Amino acid sequence: MKFSYNWLCELVDGLAADPVKLGQLITMKTAECDGVETFAPWLARVAAAKVLSAEPIEGSHNRKAVVDAGRYGRRTVVCGAPNCRAGMVTAYVPPGTELGSMTIGKRVVDGVESDGMLASGYELGVNRDHSGILELAGDVFEPGPDAVIEIDNKSLTHRPDLWGHHGMAREAAAIAGAKLKEPARLSRIPAGAAPVKVEIEDYTLCPRYSALVFENVTVRPSPLWLQCRLEAVGLNSINNIVDVTNFVMAELAQPMHAFDADKLRGDTIFARPARSGERILALNGETYDLTPSNTVIADAGGPIAIAGVIGGGESAISEITTRIVLESANFMASNVRRTSSALKLRTDASMRFEKAQDPANTLRGLARAIELLEQVSPGIRLVGGLADAWRPKPAPQPITLPLEWLYRKLGRAVEKDEVRRILESIEFGVAEPEPGVFLVTVPSWRSTKDIAIKDDLVEEVGRMIGYGSITPRPPMVAATVPPTNEERRYHRRVRELMTDEGFTEVYNYSFVSDETAEKFGHADLVRVSNPIAVGQNLLRKSLIPGVWKNVLDNARHFDSFRLFEIGQEIHKRAEGLPEETAHLAAAVYAKAGDGREGLFELKRVAQCLASTIEVEAGEALAYEHPARTGRLKIGGETVGRLFEFHPSFVETGRAAVLDIDLGALERLLPRMQKYTQIRRLPASAFDLSVITELRRPVGWIERQLTTLGGVDLLAIEFLREYAGAPLAEGTKSVSFRLTVGAADRTLSSDEVGVIRARIIDGMRGWNYELRV
């Protein structure tokens, strides 16, 4: 939001702070200032110049103009503008002037020495007209340099009054201890019957609609001062009538709109929801399809404006307009915001209305517009009185402000008279019904969505005295240790383990697209009613799609990597809110190799999470490798899956994936670890190699050896797997190291031999061949 320093000075009597200092003060006490820029500093050197003669230069489209440039005397200038002619008064820029990125100097053009230049409004930065040189109405060049104070819009969202110069001038006056001027005189509002009627269908959508009718209107370019003032704050000059509405919007934060009265159908203006199927051609040339959720301004023939957003093209002001209906209205903030978002149309008006403007401001806007229209359109006349439809809202209740409580909240004492002065300087009403207690009345422009409770008043006093004047002290509040969140602590341990194992954590959105859900065979997902982006319209029921995308993205840059994510799966319930379950998804990718190492590595990681976890073969899902899929179980209960992505999902390389339900895993793990005394007696170990089918899972064989070992088996360790000569085709040899022992003695070699023989005989009884 841009604020003109000259404009603020006109509204504040005796404002002494320079633009930079004022910007700093506003930052410390009101809203964040992004910076201060000088607007058109070259205007101080520009002078009005009367063209005495303008002669064509032979063989050129340029003219040799002799001008009387006032304080610069008579000068000869070469000018190529088509409107350069004798008798006109224009803007002269002398040599040595830095005009934007160029420096004006003396130079020879078409054999004629040009001493300076005659400039267009675009070149001077006072408007956007570059069709010819500037034509002045008098003998004085009025515009001068200005400074523009730019305020961050995000710091103004709760302050609808600060979206106009008068609101910021009120702040500047309070900060500087100066006097604020009121630009609008309500006495200018005429009495009498209105020539136009106003009907509001829903006062919630349109709390107030005020209008005046003018005749004998002349539509023409605005005076230069008005064009320059609008240009300084980033608004484009259109014509004198439209510029007045934009001027009032920039000054009083009251958006306005002017309709060509002769283009309206009937004598009644309606503020109502749009009917189904209605359309409107807007001022920007676009046609919009409307729905009942959009509020419109309509005449007897249909919509003539989208309320709070943009006017209609069919009732727009044109050069032949002689009668206008001037609208000054107030609309429901949230409805304007929804309409603006739905139509993807953000305007200066919608940005102000969606901040919840003050309904009382509509009359101030009209009163100010009357005065301005009389200046820019001589001869304009009001027709009849004011049309004003509204339903007054109850005045906000005064806020009781105990001063002792205020001091405690602020953290410092403030003189009672100083508190009163601060509040009254920003136009709050202050009474003292009892000693040490203020009764504060909130002005209407601060009560729409800003000031409601006494804590808000603390902020008002605090920002004005300066937060730097408050000594920071820690609050005298007893520190209480929050209860332990066991789930969060367990997830933290899992994260630490995964990072210790060399995995990189990733964070994915909880949304997936319809295409992704279909690819992974995920049905019955929770659908998002207002997705934040295209392709994020469903809530995920698995972390695997996100990890799959991570694998594809990283495979383009790395030959191998490992990553993991801890997040929530979201499952639809028949009734109520969806069920969320925490899962761990991890992936190991390698561009080279057959992928076995990745699967075994993830199995090892799973057993680091739970030593009792087992893997058994499982039926592959659509995205899983049909021969490399397993279920993870603890005590017969499935807690996850271990698999490799189907080759159609990962075209280059291999990606092994681990998916574990952390809630189930945490539930099945013992809450307390039972202490086991360190073994003091030596144990004995021997190796066995079991020959089995090539597709037989190693874990299966390990479980059978463990069963046969019984209580004598202390540990079993997988050593290696071999396939090839001299083994028969379709078979493999799986080697294990078995450690046996007794709790109360050292086993003799004969006892170890008996255990070994028992295990071999048992395996042979199950039709296994052993290499012994």
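Before reading further, recall that the structure is shown in the block above.
One structure accompanies this document, and this report is about it. Everything quoted here is computed from the prediction, not taken from an experiment. (Residues numbered from 1 in each chain as written. Predicted model: local features only at pLDDT ≥ 70, side-chain atom pairs only at ≥ 80, totals over all residues. Heavy atoms only, no water.)

1. A closer look at the overall build of the protein chain
Move 1: Each helix and strand counted, the protein chain has 19 helices and 41 strands in total.
Move 2: On C-alpha atoms alone, the protein chain measures out to a radius of gyration of 40 Å, which is more than a quarter above the 28 Å that the 2.2 N^0.38 rule sets for 772 residues.
Move 3: Principal-axis analysis of the C-alpha atoms places the extent of the protein chain at approximately 125 × 85 × 55 Å.
Move 4: The buried share of the protein chain, taken over its 772 residues, is 49%.
Move 5: Pairs at least 24 apart in sequence give 68% of the contacts found in the protein chain among residues at least 6 apart.
Move 6: Carbon and sulfur atoms make up 51% of the accessible area of the protein chain, which totals about 38,500 Å².
Move 7: In the protein chain, which carries 92 positive and 102 negative side-chain charges, the distance between the mean positions of the two groups comes to 2 Å. (Helix = DSSP H or I, 4+ residues; strand = E, 2+ residues; numbered from the N terminus. Rg over C-alpha atoms; globule rule 2.2 N^0.38 Å. Buried < 20%, exposed > 50% of the residue type's maximum accessible area, 1.4 Å probe, protein only. Contact = heavy atoms within 4.5 Å. Areas by Shrake-Rupley, 256 points an atom, 1.4 Å probe, with all protein chains shown as cover. Lys, Arg positive; Asp, Glu negative; His and termini not counted. Charge placed at Lys NZ, Arg CZ, Asp CG, Glu CD.)

2. Describing the pattern of salt bridges
Opposite charge on two side chains allows them to pair when their charged atoms are near.
Move 1: Tallied over the entire structure, the rule returns 59 salt bridges.
Move 2: Residues Arg-368 and Glu-251 are paired through a salt bridge, measuring 2.6 Å at the closest nitrogen-oxygen approach. Here Arg-368 is found in helix H9 (residues 361-376), whereas its partner Glu-251 is found in helix H6 (residues 240-252), with 117 residues between them in sequence. The two residues Arg-368 and Glu-251 agree in class, both being buried.
Move 3: Two residues, Glu-501 and Arg-604, come together in a salt bridge whose shortest N-O distance is 2.5 Å. One end of the pair, Glu-501, is in the loop between helix H13 (486-500) and strand E29 (504-505); the other, Arg-604, is in helix H16 (residues 596-609), with 103 residues separating them in the sequence.
Move 4: With relative accessibility at 22%, the residue Glu-501 sits in the partly exposed group.
Move 5: For Arg-604, a relative accessible area of 34% translates into the label partly exposed.
Move 6: One network of salt bridges, in which partners are shared, links Arg-159, Asp-161, Arg-170, Glu-171, Glu-427, Arg-446, Asp-450, Glu-460 and Arg-463. (Salt bridge = Lys/Arg side-chain N within 4 Å of Asp/Glu carboxyl O.)

3. What to know about the environment of Leu-162
Move 1: Considering the arrangement of structural elements, one finds Leu-162 in the loop between strand E13 (146-151) and helix H4 (165-176).
Move 2: Sequence separation between Leu-162 and Val-534 is 372 residues; the distance between their C-alpha atoms is 35 Å.
Move 3: With sequence-adjacent residues up to four places away left out, Leu-162 is seen in contact with Phe-3, Thr-30, Leu-156, Gly-167, Met-168 and Glu-171.

4. What to know about the state of the cysteines
Move 1: Inspection of every chain in the model, using the stated rule, returns 0 disulfides.
Move 2: Unpaired in this structure, Cys-84 has its nearest cysteine sulfur neighbour in Cys-79, at a distance of 4.0 Å.
Move 3: Judged by its relative accessible area of 3%, Cys-84 is buried. (Disulfide = S-S within 2.5 Å.)

5. Looking at the packing of aromatic side chains
Move 1: Summed over the entire model, instances satisfying the criterion amount to 16 aromatic pairs.
Move 2: Between the aromatic rings of Phe-331 and Phe-353, the centroid separation amounts to 5.2 Å while the plane-to-plane angle is 70°, which identifies the pairing as edge-to-face. A residue pair is termed long-range when its members are at least 10 positions apart, and Phe-331 in the loop between strand E24 (324-330) and helix H7 (333-343) and Phe-353 in helix H8 (residues 348-353) qualify at 22 residues.
Move 3: The class for Phe-353 is buried, based on a relative accessible area of 3%.
Move 4: Arranged with centres 6.5 Å apart and planes meeting at 35°, the rings of Tyr-509 and Phe-511 form a pair that is tilted.
Move 5: Look at Tyr-509 and you get exposed, because its relative accessible area is 57%.
Move 6: Judged by its relative accessible area of 25%, Phe-511 falls in the partly exposed class. (Phe/Tyr/Trp six-rings, centres within 6.5 Å; stacked < 30°, edge-to-face > 60°.)

6. What to know about the sheet that holds strand E37 (residues 654-661)
Move 1: Strand order in the open sheet made by the 7 strands is E29-E32-E33-E37-E36-E35-E34, with mixed pairing throughout. Because the sheet does not close on itself, it has two edges, and the strands there are E29 and strand E34 (614-617).
Move 2: Relative to E37, strand E36 (residues 637-645) runs antiparallel, the two sharing 5 bridges. Across the sheet, Glu-644 pairs through a bridge with Ala-656, a residue of E37.
Move 3: Packed onto the sheet, H13 meets E29, strand E32 (560-571) and strand E33 (579-590) and runs at close to 160° relative to E32.
Move 4: Docked against the sheet, H16 engages E32, E33, E34, strand E35 (624-634), E36 and E37, running at close to 20° with respect to E37. (Pairing = 2+ DSSP bridges. Axes fitted to C-alpha atoms, helices over the stretch in contact; angles between N-to-C directions.)

7. Quick notes on the nonpolar core
Move 1: The biggest cluster of nonpolar side chains holds 56 residues, and the ones touching the most others in it are Leu-22, Ile-151, Phe-214, Ile-241, Leu-326 and Leu-373.
Move 2: A per-element tally of this core places H9 first, with 8 residues.
Move 3: Ignoring any residue separated from it by four or fewer positions in sequence, one finds Leu-326 in contact with Ser-210, Ala-211, Leu-212, Phe-214, Thr-245, Met-256, His-257, Ala-258, Leu-366, Ala-369 and Leu-373.
Move 4: Within the second largest apolar cluster, 36 residues are counted, among which are Ile-297, Ala-298, Ile-310 and Ala-329. (Core = buried A, V, L, I, M, F, W, Y, C linked by side-chain atoms within 4.5 Å.)

8. Here's the deal with H6
Move 1: Between its first and last C-alpha, H6 extends 18 Å over 13 residues, near the 18 Å set by a 1.5 Å rise per residue.
Move 2: Most of H6 sits inside the fold, with 12 of its 13 residues counted as buried.
Move 3: Buried within H6 are the following residues: Asn-240, Ile-241, Asp-243, Val-244, Thr-245, Asn-246, Phe-247, Val-248, Met-249, Ala-250, Glu-251 and Leu-252.
Move 4: Just beyond H6, the residue with positive phi is Ala-253, at close to 60°. (Expected span 1.5 Å × (residues − 1).)

9. A short note on the sheet that holds strand E23 (residues 310-311)
The strands making up a sheet associate through hydrogen bonds between their backbones, and the pairing can be parallel or antiparallel.
Move 1: Spatial strand order, E15-E18-E21-E22-E23: 5 strands in an open sheet with mixed pairing. Only two strands of the sheet have a single partner each, and these edge strands are strand E15 (197-200) and E23.

10. As for a negative patch on the surface
Move 1: A cluster of acidic residues, Glu-32, Asp-34, Glu-37 and Glu-150, forms a negative patch at the surface.
Move 2: Tracing the sequence through the fold places Glu-32 in the loop between helix H2 (19-29) and strand E3 (33-39). (Patch = residues over 30% accessible without salt bridge, like charges linked within 9 Å, V, L, I, M, F, W, Y side chains within 5 Å.)

Note that every value here comes from positions in space, so none of it alone points to a role or purpose.
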